[in-house]
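Take a look at the letters that make up each chain.
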Amino acid sequence: MAQLDLRKKLSVLADAAKYDASCSSSGTAKRDSRGGKGIGSTEGMGICHAYTPDGRCVSLLKILLTNFCIYDCVYCINRVSSNVQRARFSVDEVVELTLNFYRRNYIEGLFLSSGIIRSGDYTMEQLVLVAKKLREEHDFRGYIHLKLIPEADPKLVEEAGLYADRLSANIELPRDEAMGRFAPQKDVGVIKKAMADVRLKVEAARPAKKDRAKPPKFAPAGQSTQLIVGADGAPDTEILDRSASLYGGYGLRRVYYSAFSPIPDSSSALPLSKPPLMREHRLYQADWLMRFYGFSAPEIGEASTGGMLDLAIDPKLAWALNQRSQFPVDVNTAPREMLLRVPGLGVKSVDRMISVRRYRTLRLEDIARLCRGIDKVRPFITTLDWTPGGLTDAVDLRERLAPERKPEQLSLF
């Protein structure tokens, strides 16, 4: 194979990494080099953050160590049978790229994954070596996210957690049986065991109040995973049930959702077209409801049709329209848990309302000032000077609140 220069390698391996959505720099320990020691920072001055609408951070150098792979997962562009251009970084090349990009203020850290080369142990060893060199030889204090190779030796996984801020092992498919069809060389049980081991090590690294000596930090930003949406036929309700079990069973910080994208020379077992991106967005909104608003997966699923979330309206509004008997709620007396279920009210808005109502009785104009828009909120609340009357039960309420779709530009090609 012809040798590629570093720029070409970066082009190939950065493009190959775009299919992995499970990266974010939130939740880690605060470290910086403003005291004159080390290089890099996890936050603070000199770091440019760029977040996508669903919360993904794009201020990381996000690359694969290599897109060579001995596995043949049919949904993966880098599978062994795929006819794509291949490239591979050396450990030192990744280290230098990370440092140089940081010095130019392009990034705040590194997201490093890889295809499986030689064996799981060898690949994991190479990933760990990158993080180890950055931390120990260059005193790099920025963010590092390493992809786990689940079948690797647990000692390598443990070492990865000592150098990385976050670890992730991707479940990929919502249905276990689909893994056998689409990724026969992967074992769901092995992936789950690796995630369980990470959870135990993360919990063991949390110092108790009575401990004088703090245990070594282990992946302080926790672990995450990714689910591909639309590849195996799983409906949204099944995906959310899987996410809920992953959060509860493995203490995940995030579950990321990635809409399936058809790839060249793909298997006939895969769909011919990709799902709408709005479906991915609705799953992120539903995930947010489970994590911060007290909703359960079955509750969100009650408002679905055929197991699929409504693409025209957000999941909280869909739930409220399906549970109109619980509305309107009095913003001056309702508990926080119920206020969080009012469409249009976010966590910050609710907390501000609860704080303000201790000193004065809330009016509709107060709510308008505390939330982004009052139109969605008005049918579901009462205030000192407002009651929605029959608006809550209006037959056309969904149509009134559904956003108008913008015309879509057609492609000429």
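Since this is a predicted model, take the numbers as computed values, not measurements. (Residues numbered from 1 in each chain as written. Predicted model: local features only at pLDDT ≥ 70, side-chain atom pairs only at ≥ 80, totals over all residues. Heavy atoms only, no water.)

1. Structural notes on the sheet that holds strand β2 (residues 109-113)
Across the sheet, which stays open at both edges, the six strands sit in the order β1-β2-β3-β4-β5-β6 with parallel pairing between neighbours. The open sheet has two edge strands with one neighbour each: β1 (60-64) and β6 (254-259). On average, adjacent strands in this sheet sit at an angle of 20° to one another, irrespective of strand direction. Here strand β3 (residues 143-147) pairs with strand β4 (residues 166-168) via three bridges, running parallel. (Pairing = 2+ DSSP bridges. Helix = DSSP H or I, 4+ residues; strand = E, 2+ residues; numbered from the N terminus. Axes fitted to C-alpha atoms, helices over the stretch in contact; angles between N-to-C directions.)

2. As for the side chain of T225
Along the chain, T225 falls in strand β5 (residues 223-229). Engagement of the side chain of T225 in a polar contact is seen with the backbone oxygen of A169, the distance being 2.7 Å. Within polar-contact distance, the side chain of T225 engages the backbone nitrogen of I171 at 2.9 Å. (Polar contact = N/O pair within 3.5 Å; in protein donor to acceptor, adjacent residues only side chain to side chain.)

3. Examining the side chain of S243
With respect to the secondary-structure elements, S243 resides in helix α7 (residues 236-250). Not counting the four nearest positions on each side in its chain, S243 is found in contact with L227, V255, Y257, D287 and M290. (Contact = heavy atoms within 4.5 Å.)

4. With respect to the packing of helix α3 (residues 120-137) against helix α4 (residues 154-163)
Where α3 meets α4, the axes come as close as 9 Å, and the angle between the chain directions of the two elements is 25°. Considering their axes alone, α3 and α4 lie roughly parallel with respect to each other. Here α3 runs over α4; the crossing is left-handed. Touching D121, M124, E125, V128, A131, K132, R135 and E136 of α3 are L156, E159, A160 and Y163, all from α4. (Parallel < 35°, antiparallel > 145°, perpendicular 65-115°, else oblique. Left-handed = near helix turned anticlockwise from the far one by under 90°.)

5. Let's talk about empty space enclosed by the protein
Evaluated as defined, the whole model comprises one cavity of 30 Å³ or more. For the largest cavity, the calculated volume is near 40 Å³. (1 Å grid on protein atoms, 1.4 Å probe; cavity = no way out; pocket = protein on both sides within 12 Å on 5 of 7 lines; lining within 4 Å. Points joined across faces, edges and corners; volume = space filled by probe spheres on them.)

6. A short note on the environment of E365
Mapped onto the elements, E365 comes out in helix α13 (residues 364-370). Sequence spacing of E365 and D385 is 20 residues, and the spatial spacing of their C-alpha atoms is 9.2 Å.

7. Things to note about the pattern of salt bridges
Tallying each qualifying case throughout the model produces 21 salt bridges. Measuring nitrogen to oxygen at the nearest pair gives 2.8 Å for the salt bridge that ties R199 to E203. Of the two residues, R199 and E203 are both situated in helix α6 (residues 188-204); the distance of four residues between them amounts to about one turn of the helix. Between R369 and D366 there is a salt bridge whose closest N-O contact spans 2.6 Å. With a gap of three residues between them, R369 and D366 both fall in helix α13, about one helical turn apart. Among the ionic contacts, a cluster of salt bridges with common partners joins D176, K192 and R242. (Salt bridge = Lys/Arg side-chain N within 4 Å of Asp/Glu carboxyl O.)

8. Description of the packing of aromatic side chains
All chains considered together, the criterion is met by seven aromatic pairs. Look at W288 and F292: their rings are 4.6 Å apart centre to centre, the planes differ by 50°, and that puts the pair in the tilted class. Of this pair, W288 and F292 both sit in helix α8 (residues 277-292), four residues apart, roughly one helical turn. Judged by relative accessible area, F292 falls into the partly exposed class, the value being 36%. Both rings, one in F327 and one in F380, keep their centres 5.2 Å apart while their planes meet at 75°; by these two values the pair is edge-to-face. Placement of the pair is F327 in the loop between α10 (315-322) and β7 (329-330) and F380 in the loop between α13 and β8 (381-382), with a sequence separation of 53 residues. Pair check on accessibility: F327 and F380 agree, each one buried. (Phe/Tyr/Trp six-rings, centres within 6.5 Å; stacked < 30°, edge-to-face > 60°. Buried < 20%, exposed > 50% of the residue type's maximum accessible area, 1.4 Å probe, protein only.)

9. A look at α6
Taking 1.5 Å per residue, 17 residues should reach 24 Å; α6 reaches 24 Å between its end C-alpha atoms and fits that length. Within the sequence span of α6, burial applies to V188, I191, A194, M195, D197, V198 and V202. The inward-facing, buried residues of α6 contact α4, β4, α5 (176-182), β5 and α7. The distance from a side-chain oxygen at the start of α6 to the backbone nitrogen of G189 is 2.8 Å, and the residue carrying that oxygen is D187. (Expected span 1.5 Å × (residues − 1).)

10. Some words on unusual backbone geometry
Between F327 and the following residue, P328, the backbone shows a cis peptide bond with an omega angle of 0°. Relative to the helices and strands, P328 is located in the loop between α10 and β7. Here the phi dihedral of E172 falls at roughly 75°; this positive angle occurs in a residue that is not glycine. Examined against the element boundaries, E172 turns out to sit in the loop between β4 and α5. Among the residues examined, E172 registers a relative accessible area of 10% and is labelled buried.

11. Looking at a negative patch on the surface
Together, D121, E125, E151 and D153 line one region of the surface with negative charge. Relative to the helices and strands, D153 resides in the loop between β3 and α4. Residue classification places D153 among the partly exposed residues on the basis of a relative accessible area of 32%. (Patch = residues over 30% accessible without salt bridge, like charges linked within 9 Å, V, L, I, M, F, W, Y side chains within 5 Å. Areas by Shrake-Rupley, 256 points an atom, 1.4 Å probe, with all protein chains shown as cover. Lys, Arg positive; Asp, Glu negative; His and termini not counted. Charge placed at Lys NZ, Arg CZ, Asp CG, Glu CD.)

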